[in-house]
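# Observations on the model geometry
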Amino acid sequence: MEAHNVEPLTTPEMKNRGNIELLYRALQQGDASTVAKLVASDVEWWFHGPHNCQHMMRLLTGEPPSQVSFKFEPSSVQVVVPGHGCVIAEGWEGSQVYWVHVWKLKDGVVTELREYFNTWITVTDYSRGAIGWDMGRCTVWESVPRDLARGSLPSLLLAI
């Protein structure tokens, strides 16, 4: 009998995306034990936006839910560049706030979070033998800030 290669039902990318979706649900429900399992205790965090919008870090550090009124409900959660452990989530809070979270995972655990508020994000992959600024650059993800697109947002380019 000949053995056949069978694709795994869950790839690392699918697991990472599922873990980020689970993390948002756990945060909404105040499930601290699930959050602790999904986020490294020494998570690296970067923030871009108004100081008063550092909502995710407040949630991850255990501020009581009554102290954090902002609810993260992602409109999309996507894996970018398979094999890099990078998952991006974005969402809106009315027509005034647009947010993006760039999560980096290792073995299914969040090791890094980049949090952006009211900032247009473009993620590019330079790992394909780039020579020079635009040579080899490949856009792998770009913000889609619905209502805010009519306004002016600062823009950042993230290179991975």
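Here, every reference points to the structure presented above.
Everything in this summary refers to the structure shown in the same document. (Residues numbered from 1 in each chain as written. Predicted model: local features only at pLDDT ≥ 70, side-chain atom pairs only at ≥ 80, totals over all residues. Heavy atoms only, no water.)

Okay, the sheet that holds strand β3 (residues 86–93) next. Pairing within the open sheet is mixed, and its 5 strands lie in the order β1-β5-β4-β3-β2. For this open sheet the edge positions go to β1 (39–48) and β2 (76–80), each flanked by a neighbour on one side alone. Strand-to-strand, the axes of this sheet are offset by a mean angle of 20°, without reference to chain direction. Sheet topology places strand β4 (residues 97–106) next to strand β5 (residues 109–117); 8 bridges connect them, and they run antiparallel. Along β5, the bridge assignment pairs K106 with V109. Its contacts with the sheet put helix α1 (residues 12–29) on β1, β2, β3, β4 and β5, and the angle it makes with β4 is roughly 130°. (Pairing = 2+ DSSP bridges. Helix = DSSP H or I, 4+ residues; strand = E, 2+ residues; numbered from the N terminus. Axes fitted to C-alpha atoms, helices over the stretch in contact; angles between N-to-C directions. Contact = heavy atoms within 4.5 Å.)

The subject of this paragraph is unusual backbone geometry. The phi torsion at D107 lies on the positive side, around 55°, for a residue other than glycine. Residue placement: D107 occurs in the loop between β4 and β5.

A word on the environment of T34. Turning to its location among the elements, T34 is positioned in helix α2 (residues 32–38). T34 gets classed as buried once you look at its relative accessible area, which sits at 16%. For the pair T34 and L23, spaced 11 residues apart in sequence, the C-alpha separation works out to 7.3 Å. Look past the residues within four positions of T34 in its chain and what remains in contact with it is L22 and A26. Polar side-chain contacts of T34 include one of 2.6 Å to the side chain of D31. (Buried < 20%, exposed > 50% of the residue type's maximum accessible area, 1.4 Å probe, protein only. Polar contact = N/O pair within 3.5 Å; in protein donor to acceptor, adjacent residues only side chain to side chain.)

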